[in-house]
Amino acid sequence: MGNFSRDTFDRLKHYVGVRLQQGVPLIDADWNEQEDIRKFELQTFLKWFAGNGVPHGNDGFLIVAASGTGNTFDITGGDGTARGAGRCIVEGLDVMIEGNSRYTDQPLYDNATLATQWGVEPIAPLTTPTADRVDTVYLDVWEREVDSGEDTDLINPAIGLETCVRLKREWAVRVAEGALAAPAPAAGHAFYPIARLNRRAGRAAITASQIEDLRTTGINLSALAAEIQDARGMKANLGNRLDESLTRGGQLRHNVVGSDQLNPELTSRIVTLENHLARRMQAQVLFSNNDANNAIRTINTGFRTRFVWIVGSVRALLGDQYYGTTVSAYADLHHPLIQQCTGTQIIRASADNWWQSTSVNPYICKATFINQTTPTQNTGNLNVIISAVSATSLTVRFSRILPGTSTGTGSTGTGSTGTGSTGTGSTGTGSTGTGSTGTGSTGTGSTGTGSTGTGSTGTEVTTPQSTFRIELQLLCLG
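Residues numbered from 1 in each chain as written. Predicted model: local features only at pLDDT ≥ 70, side-chain atom pairs only at ≥ 80, totals over all residues. Heavy atoms only, no water.

Undergrad: Could you give an account of the confidence of the model for the protein chain, naming the residues involved and the relevant values?
TA: Within the protein chain, residue pLDDT values average 81, and 74% of them lie at 70 or more. Per-element confidence in the protein chain ranges from a low mean pLDDT of 37 for strand E21 (residues 405-407) to a high of 98 for strand E2 (residues 74-75). Low pLDDT, under 50, characterises residues 404-461; the predicted model gives this stretch 70 contacts beyond four residues in sequence or across chains. (pLDDT = per-residue confidence, 0-100. Helix = DSSP H or I, 4+ residues; strand = E, 2+ residues; numbered from the N terminus. Contact = heavy atoms within 4.5 Å.)

What follows is the structure, given as structure tokens:
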């Protein structure tokens, strides 16, 4: 640790600089406070006006699959130079990754000795999931002191002394297994979720299809300046611009804004900017037949969620085949809470005959599956709602309405009696010569034998849906 007389920096005093006076000694506290003020100003600006994420034209800290491996992944870096390094801003702290790295190759990976020296936690090895699991990959950023014991270049060769220590910004990519969000950071640390791993039971390999990128990309303040200039036009005088744009009554003149000012590229950039500045978070919610009725999932957003967009899928095993449907829903979390989804009912009547119907329902997910191909009817009525919202989280609750038992009504077949018919004899007509008389014949009527069907009383027993899976993606907006 460095040898400092005192630490005088206080954010709440609103100091923006230190002014050195003549005829007084130069001490470390003044010098260090000047540096703390400068650093605080820059960090605050980046945090509030740029936000978390990756700058435009950069792809730093993208998580990709490491083929042929298990329980690891690769972290995208740069070209080995400071200018071409991968970058990411986390709570106003700009971090760099010079080249590609592997999760298991990080210095802190399973290294308790180094972690103790740095005063942080080691990076834990990943485990193979025993059941389907969602993991959150996050970037941990902090700063630590470095002295000449670690970097001998800090010794001034002219005097053979270490005159100053340095602050070094460190980062580590960590994984919160079985969590939809990063944990709360310790003091001095900043966390930023960069990916989600949708892992499968019993599989150590992490494939590209299981990785979901959570980074905000394309951060660029120069693009913001260009957008403002495009919107203002080239004239410097605000009064002239208002005179040209507004009528004497204050209304906007016709054709003031041309289509060239609303071109698709500009519109896209504005939408991107709005997305960067909004408080938002993506989260995944999973439910399956392993969950009890009224099971809940809590999503820690870090802000009060005002609106949620939901997409996803539901599938269930009906007999020997899986049937599924997509989910589309929204939730307005102002009071009173409003949530609506497109609900689906799927009925399998036989091996080759099934049908589907849809309706609008006050849930974020509703699906009913009915299998009529077996004597015991299989039914699943699956529902998901947002049940609670707080200043930093929201709660999602799952329920299934268990089916009852009903008794079918037997029917009695009706016997029918055949009707006998009698043939009619005909007499031939004699002609001159030898007359002949035809002989009439009598048909024999037959009586059909009526049969009585045997009525039976059918018992129709329904059982709960045994195998199903619900996967929902939520975009939470604050």
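Undergrad: Describe the nonpolar core, with residues and values.
TA: Across soluble globular proteins, nonpolar side chains have a tendency to be buried as a group. Residues Val396, Ile470, Leu472 and Leu474 are the most contacted members of the largest nonpolar core, which totals 38 residues. Residue assignment for this core shows that the elements contributing at least two residues are strand E12 (280-288), strand E14 (307-318), strand E15 (321-332), strand E16 (338-350), strand E18 (365-371), strand E19 (376-389), strand E20 (393-400) and strand E23 (468-477). Ile470 has contacts with Val285, Leu286, Phe287, Ser313, Val314, Cys365, Leu382, Val384 and Phe398, leaving out every residue within four places of it along the chain. In this structure, Leu108, Trp118, Val141 and Val173 belong to the second largest nonpolar core, which totals 32 residues. (Core = buried A, V, L, I, M, F, W, Y, C linked by side-chain atoms within 4.5 Å. Buried < 20%, exposed > 50% of the residue type's maximum accessible area, 1.4 Å probe, protein only.)

Undergrad: Could you give an account of the pattern of salt bridges, naming the residues involved and the relevant values?
TA: The tally for this structure, following the rule as stated, stands at 19 salt bridges. Notably, a salt bridge pairs Arg469 with Glu471, separated by 2.5 Å at the nearest N-O pair. In the salt-bridge network here, residues are joined through shared partners; they are Arg144, Glu150, Lys168 and Glu170. (Salt bridge = Lys/Arg side-chain N within 4 Å of Asp/Glu carboxyl O.)

Undergrad: I'd like to hear about the sheet that holds strand E9 (residues 166-176), residue by residue, with values.
TA: Reading across the sheet, the four strands line up as E9-E6-E10-E11 and stay open at both edges, with antiparallel pairing between neighbours. Edge strands, defined here as strands with exactly one partner in the open sheet, are E9 and strand E11 (211-213). Put simply, the sheet's adjacent strands are angled 25 degrees from each other on average, direction ignored. Pairing analysis gives nine bridges linking strand E6 (residues 133-146) to strand E10 (residues 190-199), with the strands arranged antiparallel. By the bridge assignment, Thr136 is partnered in E10 with Arg196. (Pairing = 2+ DSSP bridges. Axes fitted to C-alpha atoms, helices over the stretch in contact; angles between N-to-C directions.)

Undergrad: Describe the sheet that holds E2, and please don't skip the residues or the numbers.
TA: Pairing between sheet strands relies on hydrogen bonds along the backbone, with the strands arranged either parallel or antiparallel. In space, the three strands of this open sheet follow the order E1-E2-E5, with antiparallel pairing throughout. In the strand order of this sheet, the two ends are held by strand E1 (63-64) and strand E5 (101-102), each with one partner. Pairing between E1 and E2: two bridges, direction antiparallel. From the neighbouring strand, Val64 faces E2, where its bridge partner is Asp74.

Undergrad: Lay out unusual backbone geometry in plain terms, naming residues and giving numbers.
TA: If you check the backbone angles, Asn71 has positive phi at about 55 degrees while not being a glycine. Its location among the elements puts Asn71 in the loop between E1 and E2. Residue classification places Asn71 among the buried positions, given a relative accessible area of 14%. The phi angle at Asn294 is positive, at roughly 70 degrees, despite the residue not being glycine. Position of Asn294 relative to the elements: it lies in the loop between E12 and strand E13 (296-300). On the basis of relative accessibility, which here comes to 42%, the residue Asn294 falls in the partly exposed class.

Undergrad: Which residues make up the state of the cysteines, and what are the values?
TA: Applying the stated criterion to the full structure yields zero disulfides. Cysteine Cys341 remains unbridged, with the sulfur of Cys365 as its closest cysteine sulfur at 6.3 Å. (Disulfide = S-S within 2.5 Å.)

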